[in-house]
Amino acid sequence: GGDDAPRAMVLATDGSLLVGGTEHGASGGINWSLQKWTAALDARLAATTYDGPGGGFDYLNALAVAPTGEVYAAGSEETSVPDLNWRIRKYSASLDTLLATTDYDGTAHLNDEPWGVAVDADGRVIVAGPAWDTVGGRNWRVRAYDANLATALTVTSFDGPGHGAEDCQAVATAPSKEVTVSAVA
């Protein structure tokens, strides 16, 4: 369909390529699309989709692979107009099993979208992106979850001095457990 677009790629632990993005859904909305391809890109090995609870516009924005092979996908889901919430999903390496999922909604309940996801040396899942707050407007946020996405271990936010639209686009981790965020304030 017209809204199919890749947004993220990452190598899996077995050497295959994971590609995540969007596809035009049967109900007219936009859904997540996650595909696993051979390293030569000559055959698709697996695929899965996700249509959020609102049946509207859902965007897969970022991918990460744990050392054990599990795949983390981060993006947004439309719950009600005009609300987008963060959605983080954990899949088996073969993409055939959803192992865990969680969401996050900023305090203003507006368009919150994670744009980066990474897994650190301890297995923590680090997710970064903008979230709307009732005080300060659009701020960037970094949330660290346990490997099963059951608990938010730490949360860091930034609201610049002018309370403008702060944005966080990517996150990376180092073996020393440091977290680096690419952000605009």
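Residues numbered from 1 in each chain as written. Predicted model: local features only at pLDDT ≥ 70, side-chain atom pairs only at ≥ 80, totals over all residues. Heavy atoms only, no water.

## Quick notes on the overall build of the chain
Piece 1. Counting secondary structure elements, the chain contains 0 helices and 14 strands.
Piece 2. Here the chain has a C-alpha radius of gyration of 16 Å; the compact-globule value for 185 residues is 16 Å, and the two agree.
Piece 3. Counting only C-alpha atoms, the chain reaches 50 × 45 × 25 Å along its principal axes.
Piece 4. Contacts in the chain between residues far apart in sequence, at least 24 positions, make up 43% of those at least 6 positions apart.
Piece 5. Here the chain has roughly 8400 Å² of accessible surface; of this, 54% comes from carbon and sulfur atoms.
Piece 6. The averaged location of the 24 negative side-chain charges in the chain is 5 Å from the averaged location of its 11 positive side-chain charges. (Helix = DSSP H or I, 4+ residues; strand = E, 2+ residues; numbered from the N terminus. Rg over C-alpha atoms; globule rule 2.2 N^0.38 Å. Contact = heavy atoms within 4.5 Å. Areas by Shrake-Rupley, 256 points an atom, 1.4 Å probe, with all protein chains shown as cover. Lys, Arg positive; Asp, Glu negative; His and termini not counted. Charge placed at Lys NZ, Arg CZ, Asp CG, Glu CD.)

## What about the pattern of salt bridges?
Piece 1. Going through the model one piece at a time under the given rule, you end up with 6 salt bridges.
Piece 2. The salt bridge partner of arginine 87 is glutamate 77, with a shortest N-O separation of 3.0 Å. A residue pair is termed long-range when its members are at least 10 positions apart, and arginine 87 in strand 7 (residues 83-91) and glutamate 77 in strand 6 (residues 71-80) qualify at 10 residues.
Piece 3. The class for arginine 87 is buried, based on a relative accessible area of 12%.
Piece 4. Note that aspartate 122 is salt-bridged to lysine 177, the shortest N-O span being 3.2 Å. Of the two residues, aspartate 122 is situated in the loop between strand 9 (116-119) and strand 10 (125-133) and lysine 177 in the loop between strand 13 (167-173) and strand 14 (179-184); the sequence distance between them amounts to 55 residues.
Piece 5. Taking the relative accessible area as the measure of exposure, aspartate 122 reaches 51% and is therefore exposed.
Piece 6. By relative accessible area, which is 41% here, lysine 177 ends up partly exposed.
Piece 7. In the salt-bridge network here, residues are joined through shared partners; they are Glu77, Arg87 and Asp103. (Salt bridge = Lys/Arg side-chain N within 4 Å of Asp/Glu carboxyl O. Buried < 20%, exposed > 50% of the residue type's maximum accessible area, 1.4 Å probe, protein only.)

## A short note on the pairing of strand 8 (residues 98-104)
In summary, the side chains of a regular strand alternate between the two faces of the sheet.
Piece 1. As defined by bridge partners, strand 7 adjoins strand 8 across 6 bridges and the pair is classed as antiparallel. Each residue of the ladder has a partner; that of isoleucine 88, found in strand 8, is threonine 102. (Pairing = 2+ DSSP bridges.)

## Points about unusual backbone geometry
Piece 1. Positive phi values are uncommon outside glycine, yet leucine 149 reaches one of about 60 degrees.
Piece 2. For leucine 149, the location among the structural elements is in the loop between strand 11 (137-145) and strand 12 (152-158).
Piece 3. At lysine 177, a residue that is not glycine, the phi angle is positive and equals roughly 80 degrees.

## A closer look at the sheet that holds strand 11
Across a sheet, paired strands are connected by hydrogen bonds in the backbone, their directions being either parallel or antiparallel.
Piece 1. One open sheet holds the 4 strands; their spatial order is 9-10-11-12, and the pairing between them is antiparallel. Strands at the two margins of the open sheet, each flanked by one partner only, are strand 9 and strand 12. Across the sheet, the axes of successive neighbouring strands diverge by a mean angle of 25 degrees, strand direction being ignored.
Piece 2. Sheet analysis places strand 9 next to strand 10, joined by 4 bridges and oriented antiparallel. (Axes fitted to C-alpha atoms, helices over the stretch in contact; angles between N-to-C directions.)

## Section: the sheet that holds strand 7
Piece 1. One open sheet accounts for 4 strands, arranged 5-6-7-8; its pairing is antiparallel. Because the sheet does not close on itself, it has two edges, and the strands there are strand 5 (59-65) and strand 8. On average, each strand axis in the sheet is inclined to that of its neighbour by 25 degrees, with strand direction left out of account.

That is the geometry; function is a separate question.
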